[in-house]
Amino acid sequence: MSLLDELVDSDFVKISRSPDFDHFRSIEGLGEASSIPLDCRGFAASFASLRLKACTIYLQRTFPRILQIQYSTAGAIVGLMMDDAASLILNGVEARAPAFLLVKGTAKCEIVEQQANLVALVNFDSVDDRGWPGEPDRAQVIATEPAKFEALRTTLRDVLKLASHSPDTLVQPDVIESIEESILQAVDLVMAAASPASEAKRLSLSHYLALVRKFDEFVAVNAGKTLYSADVARQLGVSVRTLHNAVVAIRGMSMHRYMRLRRLWSVRQQLLRGASLQSIKAVALVNGFWHMGEFTSLYRELFGETPQQTLSAARKPPGEPS
């Protein structure tokens, strides 16, 4: 049983569970986010939140996806994987224990999760005079010492369990302040042992990140048009190889697979809106799928249902059983 499964709602801990990826709720209070699923089988995303006096702790079970999020905080956000098997790619940098995320101010992040992860994030209202590394308005993946990292994990686990199962403890005088001090001290030790990624690699990834964002903008503007890799690269002023390398670095997959994923997600969103009077074939063709057998197979593999099932469910009157 994972930590999130052990928690229950209390006066301090609030838990939200999403029934499926179409109704997934992003963590509230950390910024604007949108997700494109990579694998919808066994979907079980949920999150718990614990608001203290000077910080909020979030614990989230994610799902395989591409996540585009703009974090925003008045102080700092510290994020970490809560088990050793978890991993993701953030702005082209792989993050797994004992590495952690640090955001100060506002930062746009491109995240790829090839698997479901259990992630904790702590949003500190203020971090004045802590001496933590990191630049304003930038997200960093920072490696630290395993023992310090595990100590922070343990502190967060203990705090969440206490607030969930023994909430009366937190109403005692000065208990919340003591809890927050324990969290800050654990983060201080993690930060003191931190070693940022090399500057050369960061600059290279910054170039790729900017290119992928331009690529996304181009695809969005040309939605409904058949796009060819050579034409897209030419419009962006780079070679196909450079564009491919950028997508692989930032999205963790080939440019072909990424474009196909975006097109499948576009089809689903149109079908969920009822697709007006358009047929499934018409929607598929508009999104560049000309081989209907292959399209149906790809759609079923990603979403666990056929396009017809999606459209039928979207057209059912509210309250009618499936």
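What comes next concerns the included structure.

Criteria and thresholds
Residues numbered from 1 in each chain as written. Predicted model: local features only at pLDDT ≥ 70, side-chain atom pairs only at ≥ 80, totals over all residues. Heavy atoms only, no water. Core = buried A, V, L, I, M, F, W, Y, C linked by side-chain atoms within 4.5 Å. Buried < 20%, exposed > 50% of the residue type's maximum accessible area, 1.4 Å probe, protein only. Contact = heavy atoms within 4.5 Å. Helix = DSSP H or I, 4+ residues; strand = E, 2+ residues; numbered from the N terminus. Expected span 1.5 Å × (residues − 1). Arc of directions from axis to C-beta. Phe/Tyr/Trp six-rings, centres within 6.5 Å; stacked < 30°, edge-to-face > 60°. Lys NZ or Arg CZ within 6 Å of the ring centre and 35° of its normal.

### Things to note about the nonpolar core
By size, the foremost hydrophobic cluster in this structure holds 67 residues, and its most contacted members are Y71, F215 and L243. If we ignore the near neighbours within four places in the chain, the residues touching Y71 are L30, I77, L101, V103, G105, T106, A107, C109, I111 and L121.

### What to know about helix α2 (residues 146-165)
Here α2 spans 28 Å end to end across 20 residues, near enough to the 28 Å set by a 1.5 Å rise per residue. Where α2 is concerned, the buried positions are F149, L152, R153, T155, L156, V159, L160, A163 and S164. The arc that holds every buried residue of α2, seen down its axis, measures 160°, which confines them to one face. Of the exposed residues in α2, the ones pointing more than 90 degrees away from its buried face are P146 and A147.

### What to know about the packing of aromatic side chains
All told, the structure shown has 10 aromatic pairs when counted by the stated rule. With a centroid separation of 5.0 Å and 55° between ring planes, the pair formed by F43 and F63 is classed as tilted. With a gap of 20 residues between them, F43 in the loop between β2 (31-37) and β3 (46-51) and F63 in the loop between β4 (55-61) and β5 (65-81) connect regions that are remote in the sequence. Side by side, F43 and F63 carry an identical accessibility label, which is buried. Pairing F289 with F295 gives two aromatic rings, centres 5.2 Å apart and planes at 40°, and the pair type is tilted. F295 sits in the buried class, given a relative accessible area of 1%. In this structure an aromatic cluster arises from ring pairing among F21, F43, F63, W265, F289, F295, Y299 and F303. When the ring centre of F63 is taken as reference, the NZ or CZ atom of R65 above it lies at 5.3 Å. Against the face of F289 rests R263, its NZ or CZ located 4.4 Å from the ring centre.

### Let's talk about helix α8 (residues 255-272)
The end-to-end C-alpha separation of α8 is 26 Å, in line with the 26 Å expected for 18 residues at 1.5 Å each. Every buried residue of α8 is listed here: M255, Y258, M259, L261, R262, L264, W265, V267, R268, Q270 and L271. Downstream of α8 by one or two residues, G274 has phi in the positive range, about 95°.

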